[in-house]
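Each chain, written out:
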Amino acid sequence: MFYLLKCFIQMKTLLNKIDLNEALFGVSNLGFVPTMGSLHQGHISLIKNSKKQCKKTIVSIFVNPTQFNNKKDYTKYPKNKKKDLSILKKLKVDFVFLPNINDIYNFKRKIKIHKKDKILCAKYRKGHFEGVLNVMNRLLSIVKSKCVYMGEKDFQQYMLIKRILGKKYKINIVGCPTIRENNKIALSTRNKLLNKSYIKKASKIAIKLDKLKKLSKMNKFVDLSKYKVELENKFKIKIDYLEFRDEKKMKLDNFKSKYRLFIAYHINGVRLIDNF
Ligand code: AMP
């Protein structure tokens, strides 16, 4: 009896599309958390939201090669399948999907992004969002969920997926708040590539940007071009962009609607993104 009960609640690991279709047959009210693994509290918060709001939860782990515009970046991306599976088991996730590359890249049709969307990371990481949208298009066509949980840490990604794929698949794309360390750094798999002294710098940058956002909310003029140079010199970083944009249309310096301060920068060869 105990054995039967244990089987009933055990997480199912799905290694291909056939396993997936079989396991998800008849499952409604499914929440989906797509990830690239090396799970941290940011991912865990998405999973907890899904578990709270949906009857069943599926997490995928797939390091998508097509969204890396740099081969070295792809090969050094941290991977830790064993630890990930133990975290997911402890969280009592219902299904984990570990697709192989042939399950995902088995059709040619591609999604392209509009010229007007080529801002922020779309401008500085050529082909990145095409890679993200194409893998998500394939995942959503096989994992037929009701809701998809995504982090606001990657706000531009969340908005593009919501607008383009949320509509196409009639899926609710749920944005979840950014989880930060006590030192204000947004949790990210890429933080694992930085040593203590760089983490300290990244923390100071996050604290500064949080302050700048607060200043702007007090209707104070914040000269971002000045702060960009200041931060680059002080912390020896290279900033791709530092911009205020509104949440809905991602328009530059639109302070009339809800807005965020977006940054992407390179620190010791690692590219970090964040928004406040
Ligand atoms: P990744 O594994 O980096 O592709 O991320 C998978 C999902 O986790 C994406 O929807 C991310 O936006 C989300 N995520 C990553 N870091 C955080 C964070 N610090 N807080 C909340 N969500 C996050």
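Let me begin by describing the structure that accompanies this report. Values in this document were obtained by computation on a predicted structure and should not be read as measured data.

A look at empty space enclosed by the protein
And then number 1: Throughout the structure, instances matching the rule amount to 1 cavity of 30 Å³ or more.
And then number 2: Considered as a void within the structure, the largest cavity measures approximately 100 Å³ in volume.
And then number 3: Taken together, the elements giving at least two residues each to the lining of the largest cavity come down to α10 (196-217), β8 (259-267) and β9 (270-275).
And then number 4: Its residues placed into classes, the lining of the largest cavity shows 11 nonpolar, 2 polar and 3 charged.

Let's talk about the nonpolar core
And then number 1: Grouped together as the largest cluster of nonpolar side chains are 40 residues, with contacts concentrated most on L20, I58, F97, M136, V143, V148 and I161.
And then number 2: Taken together, the elements giving at least two residues each to this core come down to α2 (17-24), β2 (30-35), β4 (95-97), α7 (120-124), α8 (128-142), β5 (147-151), α9 (155-169) and β8.
And then number 3: When residues of this core are assigned to their parent elements, the largest contribution, 8 residues, is made by α8.
And then number 4: When residues no more than four places from it in sequence are discounted, the contact partners of F97 are L14, N16, K17, L20, I58, V59, S60, I61, L139, I142 and V143.
And then number 5: In terms of nonpolar packing, the next biggest core, distinct from the first, is built from 24 residues, I185, Y227, I237 and L242 among them.

The rules behind these values
Residues numbered from 1 in each chain as written. Predicted model: local features only at pLDDT ≥ 70, side-chain atom pairs only at ≥ 80, totals over all residues. Heavy atoms only, no water. 1 Å grid on protein atoms, 1.4 Å probe; cavity = no way out; pocket = protein on both sides within 12 Å on 5 of 7 lines; lining within 4 Å. Points joined across faces, edges and corners; volume = space filled by probe spheres on them. Helix = DSSP H or I, 4+ residues; strand = E, 2+ residues; numbered from the N terminus. Nonpolar A, V, L, I, M, F, W, Y, C, P; charged D, E, K, R; others polar. Core = buried A, V, L, I, M, F, W, Y, C linked by side-chain atoms within 4.5 Å. Buried < 20%, exposed > 50% of the residue type's maximum accessible area, 1.4 Å probe, protein only. Contact = heavy atoms within 4.5 Å.

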